[in-house]
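Take a look at the letters that make up each chain.
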Amino acid sequence: MTADRRDSVRNRFRAVTERLLDPDSDPGQLSEGCIQLQAVFAELSNVSEDSTAADVDRETRLATGVALSPRDAARCVLDTRRTVMYIRGIHSAIQQAVDRFPDQPIHLLYAGCGPYATLALPLTGCFPPERLQLTLLDIHECSIAAVQRIIGALGLHDWIRECLTCDATNYVHPPGSPLHILVIEAMQKTLEKEPQVALTFNLARQLPDGGVLIPEEVHLAACLADLSREFPLYPADHEGSLSLGNMRRRIDLGSFLALTHRTETDDLRPKTFTAPESIGSCNRLLILTKIRVFEDNILDDYDSGITVPTVVHDVGTIEPGDRFQLSYESGPQPEVRVTKTPHP
Ligand SMILES: C[S@@+](CC[C@H](N)C(=O)[O-])C[C@H]1O[C@@H](n2cnc3c(N)ncnc32)[C@H](O)[C@@H]1O
């Protein structure tokens, strides 16, 4: 790539990042921004909808869940609100760390970065390399090779401490290079299928005091819902423009799991919920996923593919007083398992 062409792509990349960070951008501009980000990444990395290499579609089944194929991981950039909330949250977290540690570069480890390192590379335009250093890690060689092509093409080497191909559920961060921020986005709704929980358990405990885990919290909760009023209201009311969410009928049953840097295996113990004596038309069980990326950068119901509520079909129609147990099952197919327990 010529120097002129590199400057032009880099400028485009910076302009898109600014648009995604701008709180005044409207949903159309954000969506367009993510499409442009994908176009730049796809062009520079050779991982796109048109790629024909076999490894692009190869997922990896681990004892802790599925690592998505490079092509599927690349597609996540187009989950607009997810991408925007993570980029904004990570930007704020870096900004705070920069203020808190004025004499050292902030070291960010991005585990499961995929072929584009979507949630971190755009932020190289916001902080100089003396203040921000990235370690990018993925289990797929193909993804790390792709990310290295982007780094080379945009001339971002100065921001990169290391690019590593390894299983981050076993990764041990070397002493002597303290981490400030840890980013993990390897999850689906209700923390099913992908190894977000196992990655968090291994990596969060390696954060020193004051280190920040992104997302700060993944929260799962149970509720009863009237399905006839649940889905016609999709997409969710954003920015309070149309308060359709208020028309949903739900009965909150309570929190089931909160994954943070403090969560321990004991916190994954099963929990029992009881339907109240009066449920009206709210007779189906939903599991809700809410993500606090960092501070007020939040993904709520229906904001993203990874926060779509799960209807628990297995337990069928709920009757007043029904009891059910929810347990988070780790392993090669992580999932929330629900069993109805007999009335006492
Ligand atoms: C859902 S994709 C998201 C990609 C990127 N983080 C983003 O937000 O656009 C998850 C990524 O995590 C990677 N991954 C999953 N499990 C992993 C593990 N145990 N070690 C390293 N990478 C892993 C996958 O290969 C995939 O690239």
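Keep in mind it's a predicted model, so treat the numbers as computed, not measured.

## Examining the overall build of the protein
Broken down by element type, the protein carries six helices and 15 strands. Its C-alpha atoms give the protein a radius of gyration of 21 Å, near enough to 20 Å, the size a compact globule of 344 residues would have. Dimensions of the protein along its principal axes, counting C-alpha atoms only, are 70 × 45 × 45 Å. Buried positions account for 41% of the 344 residues belonging to the protein. Look at the contacts in the protein between residues 6 or more apart in sequence, and 77% of them connect residues 24 or more apart.

## Focus on the site of the ligand
Surveying the vicinity of the ligand reveals 25 residues, the closest of which are Ala67, Ala73, Gly112, Gly114 and Ala168. By residue class, the composition of the shell around the ligand is 15 nonpolar, six polar and four charged.

## Here we look at unusual backbone geometry
That bond from Ile214 to Pro215 is cis: its omega, 0 degrees, falls within 30 degrees of zero. Along the chain, Pro215 falls in the loop between strand 7 (212–214) and strand 8 (217–225). Phi is positive for Leu191, close to 55 degrees, though the residue is something other than glycine. Of note, Leu191 is situated in the loop between strand 6 (181–184) and helix 6 (196–204). Despite not being glycine, Glu295 has its phi angle at roughly 50 degrees, a positive value. In this fold, Glu295 is placed in the loop between strand 11 (284–294) and strand 12 (297–299). Note on Glu295: 12 C-beta atoms within 10 Å, which makes it exposed.

## Overview of the pairing of strand 11
The buried fraction of strand 11 amounts to ten of the eleven residues, a majority that puts the element mostly inside the structure. Where strand 8 and strand 11 come together, nine bridges link them in antiparallel fashion. Looking at strand 11, one finds that His219 is bridged to Lys290. Pairing of strand 11 with strand 13 (residues 310–311) involves two bridges; the strand directions are antiparallel. Bridge assignment links Ile287 to a residue of strand 13, and that residue is Thr310. Joining the antiparallel neighbours strand 11 and strand 12 is a turn of two residues, in which Glu295 adopts a positive phi near 50 degrees.

## Let's talk about the environment of Asp322
By the element assignment, Asp322 lies in the loop between strand 13 and strand 14 (323–329). Along the sequence, Asp322 and Ala221 sit 101 residues apart, while their C-alpha atoms lie 17 Å from each other. Excluding its chain neighbours within four sequence positions, the residues that come into contact with Asp322 are Ala275 and Lys340.

## Regarding the sheet that holds strand 15 (residues 335–341)
Here three strands make up an open sheet; going across it, the order is 10-14-15 and the pairing antiparallel. Across the chains shown, the open sheet's two edge strands, defined by having one partner strand only, are strand 10 (271–274) and strand 15. For this sheet, the mean inter-axis angle between neighbouring strands, taken without regard to orientation, is 25 degrees. Note that strand 10 and strand 14 share four bridges and pair antiparallel. Within strand 14, the position partnered with Thr272 by the bridge is Gln325.

## So, the sheet that holds strand 7
As summarised here, the arrangement of the five strands in space is 5-4-3-6-7, forming an open sheet in which the pairing is parallel. Of all the strands in the sheet, just strand 5 (160–165) and strand 7 have a single pairing partner and so form its edges. Strand-to-strand, the axes of this sheet are offset by a mean angle of 15 degrees, without reference to chain direction. Pairing analysis gives four bridges linking strand 3 (residues 106–111) to strand 6, with the strands arranged parallel.

## Some details on the domain arrangement of the protein
Along its sequence, the protein is organised into domain 1 (3–217) and domain 2 (218–341). Distance between the C-alpha centres of domain 1 and domain 2: 28 Å. The interface is formed by 34 residues belonging to domain 1 together with 32 residues belonging to domain 2. Ranked by residues supplied to the side of domain 1 that touches domain 2, first place goes to helix 4 (residues 80–100) with nine residues. Counted by class, the side of domain 1 that touches domain 2 contains 17 nonpolar, seven polar and ten charged residues.

## Things to note about the packing of helix 2 (residues 27–45) against helix 5 (residues 141–154)
Put simply, helix 2 and helix 5 touch, their axes get as near as 8 Å, and they point 100 degrees apart. Classified by the angle between their axes, helix 2 and helix 5 sit roughly perpendicular to one another. Two secondary-structure elements touch here, helix 2 through Phe41, Leu44 and Ser45 and helix 5 through Ala146, Arg149, Ile150, Ala153 and Leu154. Of the residues belonging to the contact of helix 2 with helix 5, the class tally is six nonpolar, one polar and one charged.

## A closer look at the pairing of strand 15
As a general feature of sheets, a regular strand has side chains that alternate between the two faces. Sheet topology places strand 14 next to strand 15; seven bridges connect them, and they run antiparallel. In the strand pairing of strand 15, Tyr328 is matched with Val336. Following strand 14, the chain reverses through five residues before pairing antiparallel with strand 15; Gly331 in that reversal takes a positive phi of roughly 125 degrees.

## Quick notes on the nonpolar core
Residues Ile90, Leu108, Tyr110, Ala120, Ile181, Val183 and Ile214 are the most contacted members of the largest nonpolar core, which totals 91 residues. Each of two domains, domain 1 (3–217) and domain 2 (218–341), supplies a minimum of three residues to this core.

Procedures and definitions
Here, residues in each chain are numbered from 1, in the same order as that chain's written sequence. Two thresholds apply to this predicted model, a pLDDT of at least 70 for residue-level local features and 80 or more for giving and counting side-chain atom pairs, whereas whole-chain, interface and lining totals are computed over all residues. Secondary structure counts use DSSP, requiring at least four H or I residues in a row for a helix and at least two E residues in a row for a strand, with both numbered from the N terminus. Restricting the calculation to C-alpha atoms gives the radius of gyration, and the globule rule supplies 2.2 Å times the number of residues raised to the power 0.38. Buried residues are those with 20 or more other C-beta atoms within 10 Å of their own C-beta, exposed residues have 12 or fewer, and partly exposed residues lie in between; C-beta atoms are placed from the backbone. Note on contacts: each residue gets a C-beta atom placed from the backbone, and two residues are in contact if those atoms are within 7 Å. Any residue whose C-beta atom, as set from the backbone, lies within 6 Å of a molecule or strand is reported as near that molecule or strand. Polar here means any residue other than Ala, Val, Leu, Ile, Met, Phe, Trp, Tyr, Cys and Pro, which are nonpolar, and Asp, Glu, Lys and Arg, which are charged; Gly is therefore polar. By this definition, two strands are paired if DSSP reports at least two bridges between them. Fitted lines through C-alpha atoms serve as axes, helices being fitted only where they are in contact, and the angles separating the N-to-C directions of these axes extend from 0 to 180 degrees. Domain segmentation is taken from an automatic or database assignment of domains. When an angle is under 35 degrees it counts as roughly parallel; over 145 it counts as roughly antiparallel; between 65 and 115 it counts as roughly perpendicular; any other value is oblique. For this entry, the nonpolar core is defined as buried Ala, Val, Leu, Ile, Met, Phe, Trp, Tyr and Cys residues connected by C-beta atoms within 7 Å.

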